[in-house]
Amino acid sequence: NIGYSEETFIGFIETLEGQAKKNIDGNLKRLNEFDQIFTNENIIVEPNSSINISFIDNSILTLNGDSEFLINKFDNSSQEKKFHLEIVKGKFTFESGSIAKSKGDAMKIILSEIQVVLNGTLVTGENSEESKSIALVEDTMGKVGSLKVIIGDQTTEINEASAGINVSGTQIQRTTLSAEERDRITALNTP
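The rules behind these values
- Residues numbered from 1 in each chain as written.
- Predicted model: local features only at pLDDT ≥ 70, side-chain atom pairs only at ≥ 80, totals over all residues.
- Heavy atoms only, no water.
- Helix = DSSP H or I, 4+ residues; strand = E, 2+ residues; numbered from the N terminus.
- Rg over C-alpha atoms; globule rule 2.2 N^0.38 Å.
- Buried < 20%, exposed > 50% of the residue type's maximum accessible area, 1.4 Å probe, protein only.
- Contact = heavy atoms within 4.5 Å.
- Areas by Shrake-Rupley, 256 points an atom, 1.4 Å probe, with all protein chains shown as cover.
- Lys, Arg positive; Asp, Glu negative; His and termini not counted.
- Charge placed at Lys NZ, Arg CZ, Asp CG, Glu CD.
- Core = buried A, V, L, I, M, F, W, Y, C linked by side-chain atoms within 4.5 Å.

Caption draft 1: Layout of the overall build of the protein. When you go through the protein residue by residue, the secondary structure sums to one helix and 17 strands. Its C-alpha atoms give the protein a radius of gyration of 16 Å, near enough to 16 Å, the size a compact globule of 191 residues would have. Dimensions along the principal axes, computed over C-alpha positions, put the protein at roughly 45 × 40 × 35 Å. Looking at the protein as a whole, 45% of its 191 residues qualify as buried. Considering only contacts within the protein whose residues lie at least 6 apart along the sequence, 47% involve residues at least 24 apart. Carbon and sulfur atoms make up 45% of the accessible area of the protein, which totals about 9,900 Å². Averaging the coordinates of the 18 positive side-chain charges in the protein and doing the same for the 29 negative ones gives two points 3 Å apart.

Caption draft 2: Structural view of the nonpolar core. Core analysis: the largest hydrophobic core is formed by 40 residues, its most contacted members being Leu85, Phe92, Phe94, Ile109 and Ile134. Top contributing element to this core by residue count: strand 9 (residues 82–95), with five residues. For Ile109, the contacting residues outside a window of four places in its chain are Leu85, Ile87, Phe92, Phe94, Ile114, Gln115, Val116, Leu118, Val123 and Ile134. Counting five residues, the second-largest nonpolar core is a separate cluster that includes Leu122, Ala135, Leu177 and Ile185.

In structure tokens:
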């Protein structure tokens, strides 16, 4: 199949509770734990389900039910490292690996019309019809990276733990995670 010539192996499903599918050219295929993940695959996580995906750059993506994502670009081997993660919808937590620790805009998270440039850290967020949000969390090594949130021609930089941004309609506001939310995310991402 010619469509697969552009697909690159980038990771695998570490844990899956409930059901998830991948949409390949309109065909849905059920996924299982340890299935491989490739670029340009649209992954759909069913309601009341959750999934953890380990990527080959040591990044980890956790999605709660009724979520959808795809990886547009992933290059861990060249000088120009790239990782573009598009969260089509849903709640997520993402602990970055080696690509996000590169210089520049190698790691991007796309939430509809919002682009987030991530430099080495743990983030949590959501993309829904009502709002889009992303916040920094201290990672398992006690480090906090930085986010550059780009909405149209407006850029907001975030570089402190528990700080984030929430976009609802045309309203853009800075947010702070509650201690309970921060502790829950940290616990989920501690080995």
